[in-house]
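If you want the building blocks of each chain, they are given just below.
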Amino acid sequence: MKIRPSEITPEHEYFNRPRLSRRRFLQWSALTAGSAALTACAAPAPAPTTAPEVSTDELKDELGDPATSYDAITHYNNYYEFSTDKQAVAALAQNFPTSPWQVEVTGLVNNPKTYGLEDILKSFTQEERIYRLRCVEAWSMVIPWEGFSLSNILNEVEPTSDAKYVKFTTATDPLTMPGLSSPWYNWPYTEGLRLDEAMHPLTTLATGIYGRPLLPQNGAPIRLVVPWKYGFKSIKSIVKIELTAEQPNTLWNTAAPTEYGFYSNVNPEKSHPRWSQATERRIGELGRRETLMFNGYQEQVASLYDGMDLSVNY
Amino acid sequence: MLSKYSLPALHVAAWAPAAQIAYWWFTGQMAFNPIQDLTFATGFPALVFLVLTLAVTPANTLFGWKWSIPLRRWLGLYAFFYATAHMLIFMVLDYGFMWVDMFRQIVEKQYILAGLGALLLMLPLALTSTKSWQKRLGRSWKDLHRAVYAAAILAVLHFIWLVKADLTQPLMFAGIVAVLLIMRIPAVRQWLSSLRQKAKRRLATPQLKTPTTTQPAPPEMGE
C-alpha cells in the first residue's frame, strides 16, 4: 500500500492518538516518568491540550498488521559495531557522524559514481514503504520506511554484462563504534545480493522511518532493506556498493557458514541449526506467530528462486 | 560473624535478580521483547547460583571458609528456583502450551535439550535438599548430589549453544566450571589442601627472633 508523504499522519496527532492497551500505558508511563538515562528517545513528549484530530488509519502493512512503534524501532537494534545489547545501541550510536556522507558505487559498471546523500535525496523520490523485517533471531517488526528501489541507482551506473552480484559495505568509525574491537566479527560489515535480487523493486535503499531521517541506530543515513530475507542482510550505514562477478563474502556467512547462508531467505521450513525458524515474536505482541515463507513476500519474489533447492541454498 | 550473617545476607542477595526484573519491567526497559528479556534475566541468575554451589567446596579447600557450607543448600535451591522460572517462561509465556511445537523444539534443538537436562537433574537435588532426606539416604545422598556436576556442564553447554557468535560470557562460565570441577579431583584437592596447611603453619608460627643484647667484650688475649 503506497502512501504519499503528504498523507502521513502528522507526528503530534500520531503520538496523541488514544491508547487502549495496558502495555502501551506502561510504556508511556515509563517514557514520561522514567529517568532520562533510560531512553534516549528523540520523540518529544507530547502535551495534549485540545482533543486532537485522530486519524483512524494507523499505519499497517499489506497484511493488515500495525506498524511497530517508533520507540521500539529506534531502541531495539542489532548493530554490533556499537553493542551486542539491543537496547544499548541507541545511546551509544548518537554521536555517529552521518554528515557529510558519500556512497561509492563502483565495480563492474559503465558509469561508476560517488553519490552524496543530498544528491540521492534530490534525485530519487523517497516513498513510504511499509515492510516487515524478520530477524534471524526469530523476532520481527513492521517498519514504515522512507526510501526508493535500489534498481534506480543500479540503472544509472549501468552494470556490465559481467556483473552478477552486488556487494555492500558498512561504515567503520573506530572513534564512535566500540564494537569494532570485538574479535568475534570480521569487520567491516559486508553483505551481498545476486544482481536480480538487487534489481527487484522490493529491494529498497531506505533513508527514513515514519517520515523522519534515519537515526544512527537504524543505519543512518542510508541503508538497505531486503524484506524477504533475514534482517542481517539489510545492511546499515552503506558507504560502498560494488558490482562483482563473484559471490561476495558476507560477515555472517564468514562467521558461521552453516548457520547464515548467502541467500538467507526467510524460510520457516529451514531451521537455523540451533533454533527453529517456524515461528517468530512480533515486537509489541505477546504471543508467537507463524513465520511466513519469504516473510510474506512469496508472491513477489518466489520466482527469483525457481528451480533452486532452498534447503541447500539457504 | 560470617557464619551468623552470611545466610540472611544470601537470602537478601538471592532476590536481587527478581527485584531487578521487577525494576526493569516497571521502568519499561523490558517493553520491546519482554519474553526474551525475562528468559535471559532468569536463566543468568540460575547459572550464577549453580556455579556458586560448585564453588563452596573449593572455597573450603583453598581458604577454609567453613561458613560457606550451610549456604550451599540455599544456593542450590535458588539456582533451581530461577531455572524453573526460566523454563516456565519458555513453556507458558513463550510457547503458550503449544505442546507440539514445543516438543519438536526440545527434541530437535540441542541447546534446549541441554537446558532441560540440567533442570531435570536439579529436580531430585532440590527435592532431597532437606536434612531429613539427607538422613534417609545416608551415604547415597552424597552420590546423588554429585549430579550437580552434570547439571552445571549441561547448563554451560546450553549457554554456549544459544548465543549467536559472541562466546565471551559462555566461555567464561565454561572456564569457571571447569576450574571448580578440577579442584575436586582427589589429587588436586589434596595438593590444594596441603598448600593451605603450609600457608596456615607459616602464618601461625612466626620465626623466633634472636634477642640482640649487648654482650660483655671478650677478654683481650694475652693480658
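Provided above is the structure to which this section pertains.
Since the structure is predicted, the reported quantities are computational estimates derived from the model, not experimental observations. Sequence order sets the numbering: in each chain, residues are counted from 1 along the sequence as written. Whichever chain is written first is A, and whichever ligand is written first is 1; the rest continue in order. Given that the model is predicted, a residue must reach a pLDDT of at least 70 before its local features are reported, and side-chain atom pairs must reach 80 or more before they are shown or counted; all residues, however, enter totals for whole chains, interfaces and linings.

### Quick look at the sheet that holds strand S2 (residues 113-116) of chain A
All names here are of chain A.
Okay, so step 1: Read across the sheet, 5 strands follow the order S2-S1-S10-S5-S6 without closing on themselves; strand pairing throughout is mixed. For this open sheet the edge positions go to S2 and strand S6 (190-194), each flanked by a neighbour on one side alone. Across the sheet, the mean angle from the axis of one strand to that of its neighbour is 15°, orientation sign disregarded.
Okay, so step 2: A pair of strands is treated as paired once DSSP finds two or more bridges between them. Secondary structure counts use DSSP, requiring at least four H or I residues in a row for a helix and at least two E residues in a row for a strand, with both numbered from the N terminus. Pairing between strand S1 (residues 102-107) and strand S10 (residues 238-244): 4 bridges, direction parallel. Among the inter-strand pairings, Gly107 is bridged to a residue of S10, identified as Leu243. Convention adopted: a line fitted to C-alpha atoms gives each axis, helices being fitted over their contacting stretch, and angles between N-to-C directions are expressed from 0 to 180 degrees.

### Considering the nonpolar core
Okay, so step 1: Connectivity within a nonpolar core runs through C-beta atoms within 7 Å, and the core itself is a set of buried Ala, Val, Leu, Ile, Met, Phe, Trp, Tyr and Cys residues. Partly exposed residues are those whose C-beta has more than 12 but fewer than 20 other C-beta atoms within 10 Å; 20 or more makes a residue buried and 12 or fewer makes it exposed, with C-beta atoms placed from the backbone. Membership of the largest hydrophobic core comes to 93 residues, with the highest contact counts inside it found for Ile143 of chain A together with Leu50, Ala79 and Ala155 of chain B.
Okay, so step 2: Per-element accounting of this core gives the leading share, 12 residues, to helix H4 (residues 71-94) of chain B.
Okay, so step 3: Placing a C-beta atom from the backbone of each residue, one calls two residues in contact when those atoms lie within 7 Å. For Ile143 of chain A, the contacting residues outside a window of four places in its chain are Ala67, Thr68, Ile73, Tyr131, Leu133 and Ile209 of chain A.

### Re unusual backbone geometry
Residues and elements named next belong to chain A.
Okay, so step 1: Note that the residue after Trp187, namely Pro188, is joined by a cis bond; omega there is 0°.
Okay, so step 2: Each neighbour pair has its own omega, and for Ala220 with Pro221 the value is -5°, a cis peptide bond.
Okay, so step 3: Take Pro221: it is sitting in the loop between strand S8 (212-213) and strand S9 (223-225).
Okay, so step 4: In the Ramachandran plot, Phe294 falls in the positive-phi region, its phi being about 55° despite a non-glycine side chain.
Okay, so step 5: With respect to the helices and strands, the residue Phe294 is situated in the loop between strand S12 (288-290) and helix H9 (298-301).
Okay, so step 6: Judged by C-beta crowding, with 23 C-beta atoms within 10 Å, Phe294 ranks as buried.
Okay, so step 7: Positioned with a positive phi, Asn295 is a non-glycine residue whose angle comes to about 55°.

### Section: the interface of chain B and chain A
Okay, so step 1: The interface is formed by 18 residues belonging to chain B together with 26 residues belonging to chain A.
Okay, so step 2: Counting only elements with at least two residues in the side of chain B that touches chain A, the list comes to helix H5 (99-108) and helix H9 (147-162) of chain B.
Okay, so step 3: Basically, the charged four are Asp, Glu, Lys and Arg, the nonpolar ten are Ala, Val, Leu, Ile, Met, Phe, Trp, Tyr, Cys and Pro, and anything else, Gly included, counts as polar. Each residue belonging to the side of chain B that touches chain A can be placed in one class, and the counts come to 8 nonpolar, 6 polar and 4 charged.

### Overview of the pairing of strand S4 (residues 139-149) of chain A
All names here are of chain A.
Okay, so step 1: The buried count for S4 comes to 10 of 11 residues, which makes it a mostly enclosed element.
Okay, so step 2: Where strand S3 (residues 127-134) and S4 come together, 8 bridges link them in antiparallel fashion. If you follow Ile130 over to S4, its bridge partner there is Pro144.
Okay, so step 3: Counting the residues in the hairpin turn of S3 and S4 gives 4 residues, including Ala138, whose phi is positive at 80°.
Okay, so step 4: With 2 bridges connecting them, S4 and strand S11 (residues 279-282) associate as parallel partners.

### Quick word on H4 of chain B
Residues and elements named next belong to chain B.
Okay, so step 1: Across its 24 residues, H4 extends 33 Å between first and last C-alpha, which sits within 8% of the 34 Å expected from 1.5 Å per residue.
Okay, so step 2: A residue's bend is the angle separating two fitted axes: one through the seven residues that end there, the other through the seven that start there. Its maximal kink placed at Leu88, H4 deviates by approximately 25°.
Okay, so step 3: After H4 finishes, the residue Gly96 shows a positive phi value of roughly 45°. A helix is expected to span 1.5 Å for every residue after the first.

### Things to note about the pairing of S10 of chain A
Put simply, side chains in a regular strand alternate between the two faces of the sheet.
Okay, so step 1: Relative to S10 of chain A, strand S5 (residues 165-170) of chain A runs antiparallel, the two being bridged by 6 bridges. Residue pairing across strands places Phe168 of chain A opposite Ile241 of chain A, the latter belonging to S10 of chain A.

### Structural notes on the packing of helix H3 (residues 34-63) of chain B against H4 of chain B
Residue and element names in this part refer to chain B.
Okay, so step 1: Running from N to C, H3 and H4 cross one another at 160°; their axes reach a closest spacing of 8 Å. Between H3 and H4, the angle is such that the two are roughly antiparallel. The hand of the H3/H4 crossing is left-handed.
Okay, so step 2: Taken together, the residues that form the contact of H3 with H4 break down as 18 nonpolar, 6 polar and 2 charged. In these notes the angle categories are as follows: under 35 degrees is roughly parallel, over 145 is roughly antiparallel, 65 to 115 is roughly perpendicular, and the rest is oblique. Definitions for this section: a left-handed crossing has its near helix turned counterclockwise from the far helix by less than a right angle. A right-handed crossing has that turn clockwise.

### Comments concerning the packing of helix H6 (residues 110-127) of chain B against H9 of chain B
All names here are of chain B.
Okay, so step 1: Between H6 and H9, the least distance of the axes is 8 Å, while the angle of their chain directions is 155°. Taken together, the axis directions place H6 and H9 in an arrangement best described as roughly antiparallel. As H6 runs across H9, the sense of the crossing is left-handed. Along the contact surface, H6 presents Gln110, Tyr111, Ala114, Gly115, Gly117, Ala118, Leu121, Met122 and Leu125, while H9 presents Ala147, Val148, Ala150, Ala151, Leu154, Ala155, Leu157, His158, Trp161 and Leu162.
Okay, so step 2: The residue inventory of the contact of H6 with H9, partitioned by class, reads 15 nonpolar, 4 polar and no charged.

### Describing the environment of Tyr111 of chain B
Okay, so step 1: The topology assignment puts Tyr111 of chain B in helix H6.
Okay, so step 2: Sequence separation between Tyr111 of chain B and Leu38 of chain B is 73 residues; the distance between their C-alpha atoms is 18 Å.

### Focus on H3 of chain B
Residue and element names in this part refer to chain B.
Okay, so step 1: Under the 1.5 Å per step criterion, the end-to-end length of H3 is 41 Å for 30 residues, consistent within 8% with the ideal 44 Å.
Okay, so step 2: Along H3, the sharpest kink reaches roughly 35°, centred on Ala55 and followed within four residues by the proline Pro58.
Okay, so step 3: Gly64 sits one or two residues past H3 and shows a positive phi near 70°.

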